[in-house]
Structures are given as C-alpha cells and as structure tokens.
Amino acid sequence: MSWFSALCDDDYEFLGVPDPDLASSFEHCRNIVLTADRYGYDNVLLPSGYALGIDNTAFAAGMASMTSMRMLLAVRCGELIVPQLARQVATLDQMMGGRLTINIISSDRPGEQLESEPRYRRSTEIMYCLRELLDGKPVDFHGEHVDLSVDPPRARTVSGRSPLFYFGGLSPAARECAARGADVFLMWPDTTDKVLAVKADMDARAAEYGRTLRYGWRSHVIVRETEDEARAAARRLLSRLDVETGEAIRKQSLDSTSAGVANQAALRESSDDEGYVERHLWTGVGRARSGAGAAIVGDPDQVHAKIEELIDAGIESFIFSGYPHAAECDLFARHVLGRIDHGALRFDPHPVAVV
C-alpha cells in the first residue's frame, strides 16, 4: 500500500487553483512522505516530470535517512544513460538500506520525440541493460538504441540485484515492453472488467517469454465518514475549476497524448453527469490532470470493499493519492489502511528481462 509525494506541482485544495502553501518544494514533499511513513504505508511514489516540480533523485537522496519506508523512484528513460543510472540506483539503494524500487517511465529525450514503438523498444533495451548491471553482470549489448560494453558498477545494491521495476502503458508497444522487462505492471483506474481484460492480455504476453508479472493500481482516493460527505468533497475539489485551465494542465504533461491518457479520457466520457463511471469510481480528477484521472470515492466500508474487489481481480500493489495529499493520506490511513493486510511487495526468485 503506497502513497504519492507531489514532486511535480500536483497538489491542490481546489483542482486547477495554485496554492503557494502546496507548491512542490523539498519541505512540502518531505512532509507528505513523513506523513505516509508515520501512518505505516509501505512505499511512496516519487514522480518525475522533465519541466515540472523538483528533481526526484535528489529528493530521494535527501529523504533516505529520514524515513523507514520504501521509495518508488520514477526514472525517465530518455534522460539518463544506463551506466550513470545504474550507479545512481545502486547508491540510492545503499543509502536507503535496500528500500528502493523503480518506476520505469518510457520518456523521450528533451527536445526529441520518438514514435511510440521505437520509444518503447528503447525502454526495453534500457531495462534489460540496467537490470544486468544492477545484478552485477557486465553488459556487451549492441541494440537499436543502446550500444554498450561496460562492466557493472562497483557500487552494488544491498541485495546485490536489481530493485523491482514498475511499468505502465496501454499501447501494444508498451504492453510488449512490460511483458519483456517489467516486474509490476501498473494500471490506471478503469472498470473492473477492463482491469481483468488487461491482466489476461498481459499474462499471455509475459508467458510467451517465460515470465510472470505482478499487477498494480494507481489512482486517487476520497474517503469520508459517509458516502454523501465523500461525494461532496469530490464536488468541492472541482468547484473552482474552469474548462480552459483544466485543459492547459492536462496538456503540460509530456504523456498527454499517450494511449493510457486517451483511455482515461474515454473513461471520463462514459461517466454519468457527476463523473462516476461506477458508483465508487469518479473520473473528475482527470478534468485537470494528465495521467491517472479517477478516484475511488466513498465511505470507509465502500472504499475498502472496492480495494478488496481489485485484490480479488489480481491487483497486489496500490499507489494512492488525494488532494491535498498530506490531508488525504491521513484520512485514508485512519479510515481504511488499518483494515488491509499489507506489506512490501517482493519477488523471489527475481524475474529475468528479455530483449
């Protein structure tokens, strides 16, 4: 059970209305992480945007000695070369005592834009080489995008092997990349029947390579003592948003044209007049956010039941967030977290990446 630290200028009391007290800074994002740690979450996602917010690698290093929880570091494949990234990951993992996990982002290089298929092929090659180096193996790889002959870094992770790789994406190229190299396939919010369909497809794709995947769910959450109060909180969150501002916020993200974002838009378009596509799945967040654009909304029993429904569907890792992030972290912990049997997600044996 993970929370989210808003490193990418994504914290609001009212969506689309900037608040200086909630702007991304080391102090503000640190306080979100420490809140999650205090309440017993297992992990915290540290997002990364090329132009947005503060640097998550530097932030992770600064937080390493302040928290006992895991950190899920988002890594933008287009911005770092593999040996440099391997050194950073190994060093951070040492600083954290083995608590680092990695969220692979199939990003472009700044100033460049690849088509989807070659960009995901590049990510596949990067994941393979990065895992080999972190597993202590030399790399002699000459691919379409990565051309590398190098020994593993002297610095090693605490376990002596690569941390878990989380990865998400819905296009055929993204799914193929995940099947070959990811450990945990992250899904953005959707109806449960579609979650099951994506999982079945990904199970089949991974099996073709002799691999298995674990599954994660990344969404927002709004929990209050009653369902009426939760729905009122959702309405309040959007009460000062205008259409033009929401569209501008969505477009500032570099993933704003991805298949996953398009799917979130389609989910929003299929919702009712209040934005609910299911009774407890509200798509309003996506009106002013690119990426995960829906929230589980309800009273503690309803939110807990929805999570259990997703667990029954095969979801093993949850990354939640809410607005404002520290306040909703507190509410979710007090109302729901203690009712869930949870702990750090682990693999044994470590899966093999394929190119």
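How each quantity is defined
- Residues numbered from 1 in each chain as written.
- Predicted model: local features only at pLDDT ≥ 70, side-chain atom pairs only at ≥ 80, totals over all residues.
- Heavy atoms only, no water.
- Helix = DSSP H or I, 4+ residues; strand = E, 2+ residues; numbered from the N terminus.
- Contact = heavy atoms within 4.5 Å.
- Phe/Tyr/Trp six-rings, centres within 6.5 Å; stacked < 30°, edge-to-face > 60°.
- Buried < 20%, exposed > 50% of the residue type's maximum accessible area, 1.4 Å probe, protein only.
- Lys NZ or Arg CZ within 6 Å of the ring centre and 35° of its normal.
- Disulfide = S-S within 2.5 Å.

Enquirer: Which parts of the structure should I look at to understand the environment of V221?
Expert: Examined against the element boundaries, V221 turns out to sit in strand β9 (residues 214–223). In sequence terms V221 and H280 are 59 residues apart; their C-alpha atoms lie 9.8 Å from each other. Excluding residues that lie within four positions of it along the chain, V221 makes contacts with W3, A295, I296, V303, F320, S321, G322, E328 and F332.

Enquirer: Whenever I open this one, the packing of aromatic side chains confuses me. Can you help?
Expert: Aromatic rings in a pair are described by how distant their centres are and how their planes are angled relative to each other. Following the criterion strictly, the structure yields ten aromatic pairs and no others. Seen in terms of ring centroids, W3 and Y41 are 5.6 Å apart; in terms of plane orientation they differ by 55°. Their pairing is tilted. In this pair, W3 sits in strand β1 (residues 2–4) while Y41 sits in the loop between α1 (26–38) and β2 (43–46), placing the two residues 38 residues apart along the sequence. In this pair, the class of W3 matches that of Y41, namely buried. Ring geometry for Y120 versus F167: centroids 6.1 Å apart, planes at 70°, classification edge-to-face. Separated by 47 residues along the polypeptide, Y120 in helix α4 (residues 116–134) and F167 in strand β7 (residues 165–168) bring together distant segments of the chain. Given a relative accessible area of 0%, F167 falls into the buried group. One aromatic cluster is present, built from ring pairs that chain together W3, Y41, F318, F320 and F332. Of note, R131 hangs over the ring of F165, and the distance from its end group to the ring centre comes to 4.5 Å.

Enquirer: Where do I start with the environment of D201 in this structure?
Expert: Summarising the element assignment, D201 is placed in helix α6 (residues 192–207). Counting along the chain gives 22 residues from D201 to A179, while the straight-line C-alpha distance between them is 9.8 Å.

Enquirer: Quick question: what am I supposed to make of the state of the cysteines here?
Expert: By definition, a disulfide links two cysteine residues through a covalent bond between their sulfur atoms. Evaluated as defined, the whole model comprises zero disulfides. C77 takes part in no disulfide bond, and the closest cysteine sulfur to it belongs to C177, at a distance of 7.4 Å. A relative accessible area of 4% means that C77 is categorised as buried.

Just distances and angles here, no functional claims.
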